[in-house]
Each structure stands twice: as structure tokens, then as C-alpha cells.
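Chain by chain, the residues run as shown.
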Amino acid sequence: MSVKVFDTQEVQDLLKAAANLNGNTGNARFQQIIHRLLGDLFKAIDDLDITPDEVWAGVNYLNKLGQDGEAALLAAGLGLEKYLDVRMDAEDKATGLDGGTPRTIEGPLYVAGAPVRDGVAKIDFDEDANAGPLIIRGTVKGTDGKPIANAVVECWHANSNGFYSHFDPTGAQTDFNLRGAVKTGADGVYEFRTLMPVGYGCPPHGATQQLLDGLGRHGNRPAHVHFFISSGDHRKLTTQFNIEGDPLIWDDFAYATREELIPHVVEKTGGAALGLKADAYKHIEFDVVLTPLLQGRDNQIVQRPRAAASATVEA
Ligand code: MBD
Ligand code: FE
């Protein structure tokens, strides 16, 4: 039986009361958003005849999601984080800003506080028998093609198990393993000496994978490396590249892949002389183009809760 009650005065009054819409206290913006979101939920319950059992399954799911600490992971998996990028891309287009390296999602696994090195950083602090050496190198430039000095390039990625330090369920990694920050010199060049990552998979018993299972979706990402690139005179860029050849490149559960963010992986030798763990190593050249501030402002800074640690490793 399908009844329709959403448009009744009783329900519309209930919505307004619940959000304290037009109330004398509370935050007006917050009231507006809650009123809209709650209204959309009520309407969906009416339209799809969502049963009480289904509603309580959903409410209880939120408890599990919070217990597992996976709300931000689910946001990536449901395409919500990608959607924010789509909106920022459209905003850039509308303001005539183009020519920069494309953004892609930050994801939930950044840790602030990596020590900043000049020009080059070796960031594989922990042994990883199954990972071969990787050098990531590039030039940070402006849209005018000129190198940017004093840019800070931060990078973070997974180990050969697909786990990130600080979030590794095995507890195997030290604080800033496979996380680093490099400040460019006059040539704009940065370099990370690290190990080849493997793709991430959602915790198999977590709330995110549980939801994905219900949708018949996997919770895996191709191997990738995250970046923040900041410079005082340019907008901060949040991006990633994927490791060329990974079979999941166009099947990423978090929808972060972009054509321009799949640099070639080049096989090289001479790693021994560079202090790498093997003579044969992989090299990825990844130049980054930053876009200018907009009327002196960076409109793509995103505030969100982030993990932090303090560096205990000094070179
Ligand atoms: C990741 O490594 C990641 O980058 C995202 C977006 C989600 C989960 C794990
Ligand atoms: Fe990641």
C-alpha cells in the first residue's frame, strides 16, 4: 500500500519544526541545509514507500559507519568526494581558470606533519620486501610554463599491502612511512625516492564494504600516489596519479582516475648508485602546473578534519 503524506501541512510543519527553520536561535545556514536534506529523505520514503524495517536498517548502519570510523571512506566510495571535484572543475571553467594539472580527490588517508626536505626526500623508512624502488620526479610550474621556487610538494601512498602508515591495520609502519614533503628550489624540481605502491582495498568487514556488497560493487582502487602542491602565489592543488598498467585504473571505487593523471612508468638502472634498494628501479616523471590565485585568494582550499602526527625521524 502506498500512501502519500509528504505534502500535507502536518508533515511540512514537522519538517520546519525539526530543523527549527526560521527559529530565533541556531545557525540559519545549518537550519536551511538540514531542512532540505531531511525533506529530501522524507520525500524519498514517501515516493519509494521505504518501510520502517528499511529505515531502521539505515539508521543502524550509521551507527556501524561511525563505530568503524569510515564516514569519509564511504563519501569517497559513493562518489560524493568526486562530485565536489566536478563542481570545483565547473567553477574553474566558469571563471576562465584552466591550464593547470587536474585536481582529483584527497581521500581520507592524509597525515599532516611530514618533515619538509629541500628538493629531494627518501620516504621509504620501513622495509617492504615485496616492493621495488620508485623515483617520482617532476617540475612545479605556473600556467606560464615557468618553474615555481619554494613550492611544497607533499605526497603519500600505500605500501605493497595497499596499507597507509598511520591507518595500517597490521600496525606495521612507522608514522611517516611513504609520506613526504619537498620544497622546490629555483628550478622548481621535486623528487621522492620511495617504493612502488599497490592498490587500496576497503576493510573487508567494515561498513563501507558492507554497503558496497549490497550494491554489488567492489571497494578497490588502482595503485596511486596522492599529492598536495602548495605555493604562496598559486592555488593549492590536490591531486593523485595512478600507476600505469594497473587493471583497476578505469574501475576505481572512488572515481579518482583522470586521463591526464596516468604518467608513464619508465624502467631504469643505476639505483644502487642512488642508494636505492635495487639497481633496477621504476621512474615516473610527473610535472605539475599550478593555477594562479583568484583576486589574490585561493578558492580551492578545503577544510576537513585530517590526521596529524609529529615527525620523529630526522635525517
Ligand atoms: C584511498 O587510498 C584513497 O585514496 C581513497 C580515496 C579512499 C580510500 C583509500
Ligand atoms: Fe589513496
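See the structure shown above.
Here goes a summary of the coordinates provided.

Reading the values: the criteria
- Residues numbered from 1 in each chain as written.
- Chains lettered and ligands numbered in written order.
- Predicted model: local features only at pLDDT ≥ 70, side-chain atom pairs only at ≥ 80, totals over all residues.
- Heavy atoms only, no water.
- Donors = N, O, S within 2.8 Å, 3.2 Å for Na, K, Ca; no water.
- Buried < 20%, exposed > 50% of the residue type's maximum accessible area, 1.4 Å probe, protein only.
- Near = heavy atom within 4 Å.
- Polar contact = N/O pair within 3.5 Å; in protein donor to acceptor, adjacent residues only side chain to side chain.
- Nonpolar A, V, L, I, M, F, W, Y, C, P; charged D, E, K, R; others polar.
- Helix = DSSP H or I, 4+ residues; strand = E, 2+ residues; numbered from the N terminus.
- Contact = heavy atoms within 4.5 Å.
- Core = buried A, V, L, I, M, F, W, Y, C linked by side-chain atoms within 4.5 Å.
- Expected span 1.5 Å × (residues − 1).
- Arc of directions from axis to C-beta.
- Salt bridge = Lys/Arg side-chain N within 4 Å of Asp/Glu carboxyl O.

Here we come to the coordination of the iron ion (ligand 2). The protein atoms that coordinate the iron ion (ligand 2) are Y164 (OH), H224 (NE2) and H226 (NE2), at distances spanning 1.9 to 2.0 Å. Taken in chain order, the donor set of the iron ion (ligand 2) reads Y-x59-H-x1-H. Summarising the burial analysis for this pair, H224 and H226 share the class buried.

Let's shift gears to the site of ligand 1. For ligand 1, the full set of nearby residues is L73, I105, G107, P108, L109, Y164, Y200, R221, H224, H226 and A254. The contact in question runs from an oxygen atom of ligand 1 to an N or O atom on the side chain of Y164, over 2.8 Å. At a separation of 3.2 Å, an oxygen atom of ligand 1 approaches a polar side-chain atom of H224. The class makeup of the residues in the shell around ligand 1 is 7 nonpolar, 3 polar and 1 charged.

Quick look at the side chain of T257 now. By the secondary structure assignment, T257 is in the loop between β9 (237-242) and β10 (265-268). The exposure class assigned to T257 is buried, which follows from its relative accessible area of 11%. For T257, the side chain forms a polar contact with the side chain of N242, separated by 2.9 Å. Residue contacts for T257: discarding those within four places in its chain leaves P222, N242, I249, W250, D252 and I262.

Residues I136, V140, Y190, F192, F227, I229 and F241 are the most contacted members of the largest nonpolar core, which totals 25 residues. Going through the elements one at a time, β4 (133-142), β5 (152-157), β7 (189-195), β8 (224-230), β9 and β12 (288-290) are the ones with two or more residues in this core. Dropping the residues within four chain positions of it, I229 is found in contact with V140, V152, V153, R235, K236, L237, T239, V288 and L290. Listed in part, the 15 residues of the second largest apolar core include I105, L109, W156 and Y164.

A positive phi angle is found at D49, which is not glycine, with a value near 50°. Its location among the elements puts D49 in the loop between α2 (28-48) and α3 (52-67). Since its relative accessible area comes to 34%, D49 is described here as partly exposed.

Our focus in this paragraph is helix α5 (residues 80-94). For α5, spanning 15 residues, the distance from its first C-alpha to its last is 21 Å, which sits close to the expected 21 Å at 1.5 Å a residue. Within α5 the residues assigned to the buried category are E81, D85, M88 and D92. Down the axis of α5, the smallest arc covering the buried residues is 65°, so these residues share one side. Pointing more than 90 degrees away from the buried face of α5 are the exposed residues R87, K93 and A94. Residues of α5 that are buried sit in contact with α4 (71-77). Note on α5: the residue one or two positions beyond its end, G96, has a positive phi of about 75°.

This part is about the side chain of T194. Among the secondary structure elements, T194 is positioned in strand β7. Within the local environment of T194, its side chain forms a polar contact with the side chain of H157, the two groups lying 2.8 Å apart. Excluding its chain neighbours within four sequence positions, the residues that come into contact with T194 are I123, D124, G132, P133, L134, I136, H157 and L178.

The tally for this structure, following the rule as stated, stands at 16 salt bridges. The residue R36 makes a salt bridge to D40 at a minimum N-O spacing of 3.1 Å. Here D40 and R36 lie together in helix α2, a separation of 4 residues that amounts to about one turn. According to the relative accessible area criterion, R36 is exposed, its value standing at 55%. By relative accessible area, which is 40% here, D40 ends up partly exposed. Across the salt bridge formed by E81 and R304, the nearest N and O atoms sit 2.9 Å from each other. Of this pair, E81 sits in helix α5 while R304 sits in the loop between β12 and β13 (307-308), and the two are 223 residues apart along the sequence.

Function cannot be read off these values alone, since they describe shape.
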